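# Remarks on the overall topology
Chain by chain, the residues:
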Amino acid sequence: MAFDYKKAYRELYLPPQKPQLLTVPEMQFAAVRGTGNPNSKDGEYKAALAVLYAISYTIKMSRTGSRRIDGYFDYVVPPLEGFWWQDGSTGMDYARKDALNWISVIRLPDFVTQADFAWARETAAKKKGIDCSRAELLPLAEGDCVQIMHIGSYDDEPAAVQLLDDFAAENGWQLDFSAARLHHEIYLSDPRKSAPEKRKTVIRHPVRRAS
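Nothing here was measured: the structure is a model prediction, and the numbers come from that model.

## A closer look at the overall build of the protein
- Helix and strand counts for the protein stand at 5 helices and 7 strands.
- Listed by position from the N terminus, the elements making up the protein come as α-α-β-α-β-β-α-β-α-β-β-β.
- Taking 2.2 N^0.38 as the reference for a compact globule, 211 residues should give roughly 17 Å; the C-alpha atoms of the protein span a radius of gyration of 17 Å, in line with that estimate.
- In the protein, of all internal contacts separated by at least 6 residues, the share reaching a separation of at least 24 is 75%.
- Put simply, the protein has 28 plus and 28 minus side-chain charges, and the middle of one group is 7 Å from the middle of the other.

## Here's the deal with the pairing of strand β4 (residues 136–151)
- With 11 bridges connecting them, strand β1 (residues 20–35) and β4 associate as antiparallel partners. Paired with Gln20 across the bridge in β4 is Gln147.
- When β4 meets strand β7 (residues 200–209), the two strands line up antiparallel, connected through 7 bridges. Paired with Cys145 across the bridge in β7 is Pro206.

## Considering the packing of aromatic side chains
- In the structure shown here, the tally under the stated rule is 12 aromatic pairs.
- Summarising the aromatic geometry, the rings of Tyr45 and Trp84 are spaced 5.6 Å apart at their centres and angled 40 degrees between planes, so their arrangement reads as tilted. With a gap of 39 residues between them, Tyr45 in helix α3 (residues 44–60) and Trp84 in strand β2 (residues 80–86) connect regions that are remote in the sequence.
- What makes Tyr45 buried here is its relative accessible area of 9%.
- Residues Phe73 and Tyr75 carry aromatic rings whose centres are separated by 6.3 Å and whose planes lie at 75 degrees to one another, so their mutual orientation is edge-to-face.
- Through successive ring pairs, a cluster of aromatic residues spans Phe3, Tyr5, Tyr9, Tyr72, Phe73, Tyr75 and Phe111.
- The ring of Tyr75 carries the charged tip of Lys60 above its face, separated from the ring centre by 5.8 Å.
- We note Arg107 situated over the ring of Tyr9; from NZ or CZ to the ring centre the distance is 5.2 Å.

## Focus: the nonpolar core
- Counting 46 residues, the largest nonpolar core has Ile55, Ile59 and Phe117 as its most contacted members.
- For this core, the secondary structure elements donating two or more residues are α2 (10–13), β1, α3, β2, β3 (100–108), α4 (114–128), β4 and β6 (183–187).
- Sort the elements by how many residues they give to this core and α3 lands first, with 8 residues.
- If you look at the next biggest cluster of nonpolar residues, it comprises 10 residues, including Tyr94, Val146, Ile148 and Val161.

## Thoughts on the layout of surface pockets
- Looking at the largest pocket, its volume works out to about 1,000 Å³.
- Tyr45, Leu49, Leu80, Tyr154 and Pro191 are the residues nearest the centre of the largest pocket, which is lined by 33 residues in total.
- Those elements that provide at least two residues to the lining of the largest pocket are α3, β2 and β6.
- At 6 residues, α3 tops the list of elements feeding residues into the lining of the largest pocket.

Definitions and cut-offs
- Residues numbered from 1 in each chain as written.
- Predicted model: local features only at pLDDT ≥ 70, side-chain atom pairs only at ≥ 80, totals over all residues.
- Heavy atoms only, no water.
- Helix = DSSP H or I, 4+ residues; strand = E, 2+ residues; numbered from the N terminus.
- Rg over C-alpha atoms; globule rule 2.2 N^0.38 Å.
- Contact = heavy atoms within 4.5 Å.
- Lys, Arg positive; Asp, Glu negative; His and termini not counted.
- Charge placed at Lys NZ, Arg CZ, Asp CG, Glu CD.
- Pairing = 2+ DSSP bridges.
- Phe/Tyr/Trp six-rings, centres within 6.5 Å; stacked < 30°, edge-to-face > 60°.
- Buried < 20%, exposed > 50% of the residue type's maximum accessible area, 1.4 Å probe, protein only.
- Lys NZ or Arg CZ within 6 Å of the ring centre and 35° of its normal.
- Core = buried A, V, L, I, M, F, W, Y, C linked by side-chain atoms within 4.5 Å.
- 1 Å grid on protein atoms, 1.4 Å probe; cavity = no way out; pocket = protein on both sides within 12 Å on 5 of 7 lines; lining within 4 Å.
- Points joined across faces, edges and corners; volume = space filled by probe spheres on them.

Below, the structure written as structure tokens:
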């Protein structure tokens, strides 16, 4: 049976609908950076997702081709995730989507090396006929964070974010946003197939002990 990261690491992907504290270990991702409104029909974000899925499935399906990756095991491709920020702001202004900066990512197994990733990027570009040159293999250790499961529209996230930030303050933690520590979302629902009020999104914020 294929290894499923969501089931094996439930604390990372399936938190309750109330805030919780956790320490997120280091992991690696296929990543594409960009700017602008993610809802734009022909924007950078849509193109980035095509690249991420092409590379992720190229690696997953490598077992059926000539490429042999050391340590490979069959796995379920993890969910799409995103890191978001706006220049000059420590919070998220959901009314200013055109001002968004983002890093869209999909987790990759630890067995994927830089050489494996370069192969997958080149192979996916040729097979799909898309430009994958902006994709990178991104290692990341988030460390101490607070997170919550939000069920509902993306535009309704501010209420969940407020719960999250209040929980941190009430428990002796403070938000720790920086260029390396960002607002993080994990998308457990496919927006093409799920009603907005039923979408499940993990929202995660970096924190540190209050001084």
